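As a plain string of letters, each chain reads:
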Amino acid sequence: MTHQRKTLVVAGHGMVGHRFVQAAIERGLTETHDIWVVGAEPRPAYDRVALTSYFAAESADVLSLLPTGSYDDPRVHLCLGTEVTGLDAATRTVTLSGGRALVYDALVLATGAAPFVPPVPGRDLDGCFVYRTIEDLDAIRDASRTATAGVVIGGGLLGLEAANALVQLGLETHVVEMAPRLMPVQLDQAAGQTLVRHIEKLGVTVHAGVATEAITGETSVSGLSLAGGEAIEAQVVIFSAGIRPRDQLARDAGLETAPRGGVLVDEQCRSSDPHVFAIGECAAPGGTMYGLVAPGYSMAEVVVDALLDGTGTFLGADMSTKLKLLGVDVASFGDAFATAEGALELVFADAVAGVYKKLVVSEAEDGSYRLLGGILVGDASAYGVLRPMVSSRMALPANPEELILPARSGDAVRLGLPADAVVCSCNNVTKAQIGAAVTSEEGAHACADLSCVKSCTKAGSTCGSCVPVVKNIIEEHFSAMGRVVDKGLCEHFALTRQELFDLVAVHGYRRFDDIVEGHGRGRGCEVCKPVVASILASQTSTHILEGETAGLQDTNDAYLANIQRNGTYSVVPRIPGGEITPDKLIVIGEVARDFELYTKITGGQRIDLFGARMEQLPAIWKRLVDAGFESGHAYGKSLRTVKSCVGSTWCRFGVQDSVGLAIALELRYRGLRSPHKLKGGVSGCARECAEARGKDFGVIATDKGWNLYVGGNGGATPAHAQLLAGDLDTETLVRFLDRYLMYYIRTADRLQRTSVWVESLDGGLDRVRAVVVDDALGLGAELEAAMARHVSGYEDEWRATLEDPAKLSRFVSFVNAPGTPDPTISFTQERGQIQPVMGDPPEPVLLGSTIRVGQ
């Protein structure tokens, strides 16, 4: 019997709307429903929680939750840049902004919320903004280019994020909060005062307990007038005074709404119309609007369950929050204000260190204590363990104060959480679900590492605060089973990359055969050979095509160029700091013209030349080397670029010579082989035009020197770099960078980015700071010496190859016809440039030397 397919319309494609669609696909709802998703913004859903990181990103793509722009399931239709303008519940019809009408069997409202702009005189002046979308951030960034100061009205979570953005843009920053403290919903008075002290040290002026009377100016903002007569000069004003649910669509259709706004829904998130559901910030389950993403995710799962005739219900949500505001750790969870009867408070405060910790506990009938909630400011490292203790109701140790006192005998991470404890509140993942991910019913391994568990369960994939606890649960699970997670490189080496690095250093190995004979087995593979090649290059600074090491390299390193999808190669000369002379630009243009190469400006301030045949590479290199260029190592797991802005030489905001430092750092670390590619950035002021905090190491100028940030990167899992040390002179900066990079090269796992490496260390960034800045292990001099050997031993790999006939012999298409081009490559015009393409159908790409036979 054939069942007629139903139509499901989702109004809104934010984070919650996207999660609903994901859950619908995963749970098979599209087997019976066609889903139409209508999004008002011009782009697919993106991570609004990490909105501020957009300023440090190359583009908005790093925030996207749907990078491909469409869902893999063909039964899901995504309509972007379109609004649902009308709802007729009687005919089950929605009208779209383009005039189209959709008839639905079920409608899910996921329209989110809109920023609240208080009725302050002057709020319509040019220079006033809200902080909600990428377009808002673009407008704020444009306005900041001609501004010197900015004010955020509202000192809550989003307000402090907005203040952070203004700091990054280089503006003198003020925060005005009507309540007597910052983050009044999450923090008590003492915690708020601690946060203020931290923030004011960063140059942000806080005005708490005061109202804004007016925004001054003729046609554009010139300042603010505060109650009491105080005036603030500013050219940018950001309103962050709360949000209001977007429920007008439901109101106009006659659906019930809550007294304080939001579509009134039951425990299955169903509105007063049984065919209409509401989730996220536009919904008000039981009359309460939740302004966090985690409750919205839970509502999305509940509605999918309801549409599948399930019995799931939404009975409230964990409103815990943990984030880093302007570099300060802040967390609030559970009953943070001790409102429960019989609640007791345990407080630890260290004004000198800027740390405030409070636990709210209650005494149980058996005399033990249970954790109800808490507040952490300045040090939130225990949040990942403390928050699950609230939901699990587990008994606390005899001396619960040890959970917040400076580390002594008590170790909160080792306290056993019950199986039903919710470890990841963002995605509602329990300890039992994490355990199930690492073991199947037969007891065989399913997931053996954190990355796999995050992928399977989504634990730790949203805000990341629970990652240390998730990792600990994985390790405890295998330990309880008497198993050890295999961390070996491959079947040929039962060693980690770090262990192999140390063995090569201790024994002085220079040949792969000696290493595998002494510590491995077999002949090696495509996994371990490139790892050994990288380690040898890091320790010896020898040419990667020297002797037998040439046979260890992967495809890109083997030919000192990046192989492309059509079998040709790209050539990327180094342009330190992005600084280049007109003569060198002309040479690049002439090379591209003469060899018919496609050219592109990269995101790292370099010029990429695409379409070179393998036998052409030496000729291209020679032209470039003769003009003063060298290899940019775009093919290697090594330093790529150190990006820079124009700095104090040209920019009116620049306070340091960012170009000069970027060039010096790129020339110092060029050719440095590492577990994964490395990128750096140097910004000449806090406006951050070089996006330094999106790099593996980033440097930002201050009036007193340089701030050093580490552990950031783009790619599939973008991460924001974190402050390692501040106000450094150039000599100290370079010394710390030498230590940091060599510490990473020595201890990171194979293909491990710096962000993941920092996260994996016991103690995370604090551990890195102890080793690099405080020299806690006494390795500083040794790490600096290792870097000095690299610097002194550097040679350009292109030039060295051109000067060695044995190395040059690798670069022929056919060993018996070195001058014959590859006949499978033709050229076509695309976007006005000649681009090489393979024949149709494409021939297989053969790596290594091949012999041309008669045709």
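Everything in this summary refers to the structure shown in the same document. (Residues numbered from 1 in each chain as written. Predicted model: local features only at pLDDT ≥ 70, side-chain atom pairs only at ≥ 80, totals over all residues. Heavy atoms only, no water.)

Before going further, it helps to spend a moment on the overall build of the chain. Looking only at helices and strands, the chain has 24 helices and 38 strands in total. With 855 residues in all, the chain has 52% of them scored as buried. Residue pairs at least 24 apart in sequence account for 63% of intrachain contacts in the chain once pairs closer than 6 positions are excluded. As presented, the chain carries roughly 37,200 Å² of accessible surface, and 50% of it is formed by carbon and sulfur atoms. (Helix = DSSP H or I, 4+ residues; strand = E, 2+ residues; numbered from the N terminus. Buried < 20%, exposed > 50% of the residue type's maximum accessible area, 1.4 Å probe, protein only. Contact = heavy atoms within 4.5 Å. Areas by Shrake-Rupley, 256 points an atom, 1.4 Å probe, with all protein chains shown as cover.)

Inspection of helix 21 (residues 764-772) places Gly764, Leu765, Val768, Val771 and Val772 among the buried residues, and these make up the whole buried set. What you see down the axis of helix 21 is that its buried residues fit within an arc of 125°, all on one side. On its buried side, helix 21 packs onto strand 35 (705-710), strand 36 (722-728), helix 19 (730-747) and helix 20 (754-760). (Arc of directions from axis to C-beta.)

The next subject is the pairing of strand 35. Burial analysis of strand 35 places 6 of its 6 residues in the buried class, which makes it a mostly covered element. In this antiparallel pair of consecutive strands, strand 34 (residues 697-702) and strand 35, the connection spans 2 residues. Summarising the sheet, strand 35 and strand 36 pair through 4 bridges and their orientation is antiparallel. Along strand 36, the bridge assignment pairs Trp706 with Leu728. (Pairing = 2+ DSSP bridges.)

As a further point, take the state of the cysteines. The final tally for this structure, using the stated rule, is 0 disulfides. Sulfur of Cys269: no disulfide; nearest cysteine sulfur belongs to Cys282 and is 9.8 Å away. For the unlinked cysteine Cys645, the closest cysteine sulfur is that of Cys689, found at 6.0 Å. Residue Cys645 is classed as buried on the basis of its relative accessible area of 17%. (Disulfide = S-S within 2.5 Å.)

Within the secondary structure layout, Glu135 lies in helix 2 (residues 134-144). When the C-alpha positions of Glu135 and Glu41 are compared, they lie 9.2 Å apart, and in sequence the two are 94 residues distant. When near neighbours in sequence (up to four residues on either side) are disregarded, Glu135 contacts Glu41, Pro42 and Arg43.

What follows deals with the sheet that holds strand 32 (residues 639-644). The strand order across the open sheet built from 5 strands is 32-33-34-35-36, with neighbouring strands paired in mixed fashion. In this open sheet, the two strands that pair with only one neighbour each are strand 32 and strand 36. Here the average twist between neighbouring strands, direction ignored, is 15°. The strands touched by helix 18 (residues 658-669) are strand 32, strand 33 (678-683), strand 34 and strand 35; relative to strand 32, the strand with the most contacts, the crossing angle is about 175°. This element, helix 21, spans strand 35 and strand 36 of the sheet and lies at about 35° to strand 36. (Axes fitted to C-alpha atoms, helices over the stretch in contact; angles between N-to-C directions.)

What follows concerns the sheet that holds strand 14 (residues 223-226). Across the sheet, which stays open at both edges, the 3 strands sit in the order 13-14-15 with antiparallel pairing between neighbours. Two strands in the sheet have a free side with no partner beyond their single neighbour: strand 13 (212-216) and strand 15 (231-233). Direction aside, the axes of adjacent strands within the sheet are offset by 15° on average.

So, about the side chain of Gln186. One can find Gln186 in the loop between strand 11 (172-177) and helix 4 (189-201). Using a relative accessible area of 13% as the deciding quantity, one classes Gln186 as buried. Excluding residues that lie within four positions of it along the chain, Gln186 makes contacts with Leu157, Thr321, Ser332, Ala336, Phe337 and Ile375.

This part takes up the pairing of strand 14. The pairing of strand 13 with strand 14 spans 4 bridges and is classified as antiparallel. The residue of strand 14 that forms the bridge with Thr216 is Gly223. Taking the residues that link successive antiparallel strands as the turn, the strand 13-strand 14 hairpin has 6 residues, and the phi of Gly217 there is positive, at about 140°. Examined bridge by bridge, strand 14 and strand 15 share 3 bridges and lie antiparallel to one another. Paired with Ser225 across the bridge in strand 15 is Ala231. What sits between strand 14 and strand 15 in their antiparallel hairpin is a turn of 4 residues, with Gly228 showing a positive phi close to 100°.

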